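Reading the structure
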Amino acid sequence: MEQGAQSIYRAVAVLKALAARNGAGSGMTEIAEATGLTGPTVHRILRAFVDVGFAHQRMADKRYFLGPLVHELGLSLNHQLDLEAVARAATDRLAELTGDTAFFLRRVGTDMLCVSRTSGSFPVKTLLTDVGTRRLLGLGAGGLAVLAALPRAEAMDILAAHERSYAEAGRPIATLAAEMDEAAQAGHVVRRLGDLGATTVAVAVLDRQKRPIAALSMSAISQRMQGAHLDQAITHLQQLRQQTEAQIAFTVPNLS
């Protein structure tokens, strides 16, 4: 693990320990015991937290509490809540229009997080992903759509950095790169899952800077997701993508 990344993990561990004991506050020794870090390391992190506002120390007993910066950052979650409301509206509408199962997935670093899923009226359901599930970019159709919408060099860097994970999932990066290029040219992803008998269609959702920050997708049994129905699904996805991007630009001003 790189030294910089290790420092971040240690800082996050201290922050979580502070949050877990915020009612009564924490002594430095308690945090060291909770995190497994040495006393000097905890002291150094806490002093930095106090300096930037992540923590404050009560002078009466020297106990540490979460600081005002945590609250300020928490206020930005309103934008995430706005996004989740937009996501739910999009999947509800897609499911209504097509009868299939619709998904909205948000990009979180190099993962895709499913934040909304709505089942349509078609009796055979394809519930391929649960809300709250995280998957590496490219292992699902939505993540592949996001990769395809990134600058190619950036997308290839992600594939190279996670080559082992892709190989273990049966998705070698050469295959993913070819699928990514095909999706970039088509403007959408069609992924057929032969082992599950299902087909997923997906498009990337872009922010105001034209960066992919999410994906809309739909799944149905493969016998259904073909021909005219597949064409209609792609059309509906593209239309909902445009509407969703407009809503994100209006209601989530600091998303990117």
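Residues numbered from 1 in each chain as written. Predicted model: local features only at pLDDT ≥ 70, side-chain atom pairs only at ≥ 80, totals over all residues. Heavy atoms only, no water.

By the secondary structure assignment, Arg-106 is in strand 3 (residues 101–108). Given the relative accessible area of 17%, Arg-106 is considered buried. Distance in space between the C-alpha atoms of Arg-106 and Ser-116 is 9.3 Å, their sequence separation being ten residues. (Helix = DSSP H or I, 4+ residues; strand = E, 2+ residues; numbered from the N terminus. Buried < 20%, exposed > 50% of the residue type's maximum accessible area, 1.4 Å probe, protein only.)

Bringing the packing of helix 2 (residues 28–35) against helix 3 (residues 39–52) into the picture now. At their nearest, the axes of helix 2 and helix 3 sit 9 Å apart, and the two run at 115 degrees to each other. Between helix 2 and helix 3, the angle falls in the class roughly perpendicular. Helix-helix and strand crossings are classified by hand; for helix 2 and helix 3 the assignment is right-handed. On the side of helix 2, the interface is formed by Met-28, Ile-31, Ala-32 and Thr-35, while helix 3 contributes Gly-39, Val-42, His-43 and Leu-46. Residues that form the contact of helix 2 with helix 3 fall into these classes: five nonpolar, three polar and no charged. (Axes fitted to C-alpha atoms, helices over the stretch in contact; angles between N-to-C directions. Parallel < 35°, antiparallel > 145°, perpendicular 65-115°, else oblique. Left-handed = near helix turned anticlockwise from the far one by under 90°. Contact = heavy atoms within 4.5 Å. Nonpolar A, V, L, I, M, F, W, Y, C, P; charged D, E, K, R; others polar.)

Now for the environment of Val-201. Tracing the backbone through its elements, the reader meets Val-201 in strand 7 (residues 198–206). Residues Val-201 and Val-189 lie twelve residues apart in sequence; the distance between their C-alpha atoms is 5.4 Å. Other than its neighbours up to four places away in sequence, Val-201 contacts Val-189, Val-190, Leu-216, Ser-217, Met-218, Met-225, Leu-230, Ile-234 and Leu-237.

Counted residue by residue, strand 4 (residues 111–118) has seven buried out of eight residues, so it is predominantly covered. In terms of strand pairing, strand 3 meets strand 4 through seven bridges, oriented antiparallel. Paired with Val-108 across the bridge in strand 4 is Asp-111. Connecting the antiparallel pair strand 3 and strand 4 is a turn made up of two residues, with Gly-109 showing a positive phi of about 65 degrees. In the sheet, strand 4 pairs with strand 5 (residues 134–136) via three bridges, with the strands oriented antiparallel. Residue pairing in the sheet places Met-112 in a bridge with Arg-135 of strand 5. (Pairing = 2+ DSSP bridges.)

Bear in mind that shape data such as this cannot, by itself, settle questions of function.
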